[in-house]
Amino acid sequence: MKLEHLIQGYRFNRINAKIQQEIQQEDKAAVININEDINASCLIDDEGIVTAMNLFSNCVVQNNKTMKKQLEHTTQTINVIQKTIELLGNTKQEEANKIMNMLGMFSGKLEAKAVRFTNHVYKIDVANGLLIFSIIEDSDIDY
C-alpha cells in the first residue's frame with residue numbers, strides 16, 4: 001500500500017494520522033504522527049509502497065495522567081494496531097483480531113513474539129515503557 005493511501009485509510013477509520021517527515025535518500029522512509037503518544041516509522045520502496053512499519057506507543061500517557069485518559073489511550077493504541085494490520089496486511093477485521101490474539105495482546109503479560117500470516121510478519125514487544133508493533137512484508141514468499 002502506498003504511504004498516501006495508508007494515511008487516507010487511517011483517516012477513513014477516524015485515526016488522525018499525518019506524515020510528520022519524509023526522508024528521500026537511498027532508502028526512503030517516513031515518520032507518521034498519530035498523536036503525542038503514538039508515532040510510527042516506515043520504510044518505503046522505489047514505487048512508494050510501505051514495506052515495513054514500526055509503531056511506537058507510550059505505555060503511559062504523557063499528559064493528563066488520569067485513569068480515563070489512560071483507558072482512552074489504550075483503546076486507541078489497540079485500534080491503531082488493528083487498523084494497521086487490516087490496511088498494510090490486507091486482512092479482514094476478524095483476521096486482524098486473530099493476529100493480535102496470537103501475539104498475546106490480550107493474555108495479561110506481553111512478551112516479544114512474532115507471527116507470520118500470509119505475506120507479512122507481525123511482531124510486538126515492550127521496551128523502556130514503549131509498546132513496539134512491527135509489520136514487515138515477507139519478501140521470501142513466492143507470489
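The preceding data block contains the structure.
Please read all numbers here as calculations on a predicted model, not as lab measurements.

The rules behind the values
- Residues numbered from 1 in each chain as written.
- Predicted model: local features only at pLDDT ≥ 70, side-chain atom pairs only at ≥ 80, totals over all residues.
- Heavy atoms only, no water.
- Axes fitted to C-alpha atoms, helices over the stretch in contact; angles between N-to-C directions.
- Helix = DSSP H or I, 4+ residues; strand = E, 2+ residues; numbered from the N terminus.
- Parallel < 35°, antiparallel > 145°, perpendicular 65-115°, else oblique.
- Left-handed = near helix turned anticlockwise from the far one by under 90°.
- Contact = heavy atoms within 4.5 Å.
- Nonpolar A, V, L, I, M, F, W, Y, C, P; charged D, E, K, R; others polar.
- Expected span 1.5 Å × (residues − 1).
- Buried < 20%, exposed > 50% of the residue type's maximum accessible area, 1.4 Å probe, protein only.
- Core = buried A, V, L, I, M, F, W, Y, C linked by side-chain atoms within 4.5 Å.
- Polar contact = N/O pair within 3.5 Å; in protein donor to acceptor, adjacent residues only side chain to side chain.
- Phe/Tyr/Trp six-rings, centres within 6.5 Å; stacked < 30°, edge-to-face > 60°.

K.L.:
Lay out the packing of helix α2 (residues 67–88) against helix α3 (residues 93–102) with the relevant residues and their values.
P.N.:
Viewed as axis vectors pointing N to C, α2 and α3 meet at an angle of 120°, and their least axial separation amounts to 9 Å. In terms of orientation, α2 and α3 fall into the oblique class. Like other packed secondary-structure pairs, α2 and α3 cross with a definite hand, here right-handed. In this structure, α2 uses Ile78, Ile81, Gln82, Ile85 and Glu86 to contact α3, whose residues at the interface are Gln93, Ala96, Asn97, Ile99 and Met100. Grouping the amino acids of the contact of α2 with α3 by side-chain chemistry returns six nonpolar, three polar and one charged.

K.L.:
An account of α2 is requested, with residue identities and associated values reported.
P.N.:
Here α2 is 22 residues long and its end C-alpha atoms lie 31 Å apart, about the 32 Å a rise of 1.5 Å per residue gives. Listed as buried for α2 are Gln70, His73, Thr77, Val80, Ile81, Gln82, Lys83, Thr84, Ile85, Glu86, Leu87 and Leu88. Just downstream of α2, asparagine 90 is the residue with a positive phi angle, here 55°.

K.L.:
Describe the nonpolar core, naming the residues involved and giving the relevant values.
P.N.:
Counting 33 residues, the largest nonpolar core has Leu6, Ile32, Met53, Ile81 and Phe133 as the members making the most contacts within it. A per-element tally of this core places α2 first, with five residues. Beyond its immediate chain neighbours, meaning those up to four positions away, leucine 6 contacts Met1, Ile32, Val50, Met53, Leu87 and Leu88.

K.L.:
Give me the lowdown on the packing of helix α1 (residues 3–12) against α2, citing residues and values where you can.
P.N.:
At their nearest, the axes of α1 and α2 sit 10 Å apart, and the two run at 135° to each other. What the angle tells us is that α1 and α2 run oblique. Seen from above, α1 lies across α2 with right-handed handedness. Counted together, Leu6, Gly9 and Tyr10 of α1 and Val80, Thr84, Leu87 and Leu88 of α2 form the full contact between these two elements.

K.L.:
So what about the environment of asparagine 39? Which residues, and what values?
P.N.:
Positionally, asparagine 39 belongs in strand β3 (residues 38–44). What makes asparagine 39 partly exposed here is its relative accessible area of 23%. A sequence separation of 22 residues divides asparagine 39 from alanine 17, and the C-alpha atoms of the two residues are 8.9 Å apart. Filtering out sequence-adjacent residues up to four positions away, asparagine 39 remains in contact with Gln20, Ile32, Asn33, Ile34, Asn54, Leu55 and Phe56.

K.L.:
Help me get a handle on the side chain of glutamine 70, residues and values and all.
P.N.:
For glutamine 70, the location among the structural elements is in helix α2. A distance of 3.1 Å separates a polar atom in the side chain of glutamine 70 from the backbone nitrogen of valine 61. Setting aside anything within four residues of it in sequence, one finds glutamine 70 in contact with Cys59, Val60 and Val61.

K.L.:
Run through the packing of aromatic side chains, naming residues and quoting values.
P.N.:
By the definition in use, this model includes one aromatic pair. Seen from their ring centres, tyrosine 122 and phenylalanine 133 are 6.4 Å apart, and the 25° between their planes marks the pair as stacked. With tyrosine 122 in strand β6 (residues 120–127) and phenylalanine 133 in strand β7 (residues 130–137), this pair connects stretches of sequence that are 11 residues apart. A residue is classified by how much of its surface remains accessible, and phenylalanine 133, at 1% relative accessible area, is buried.

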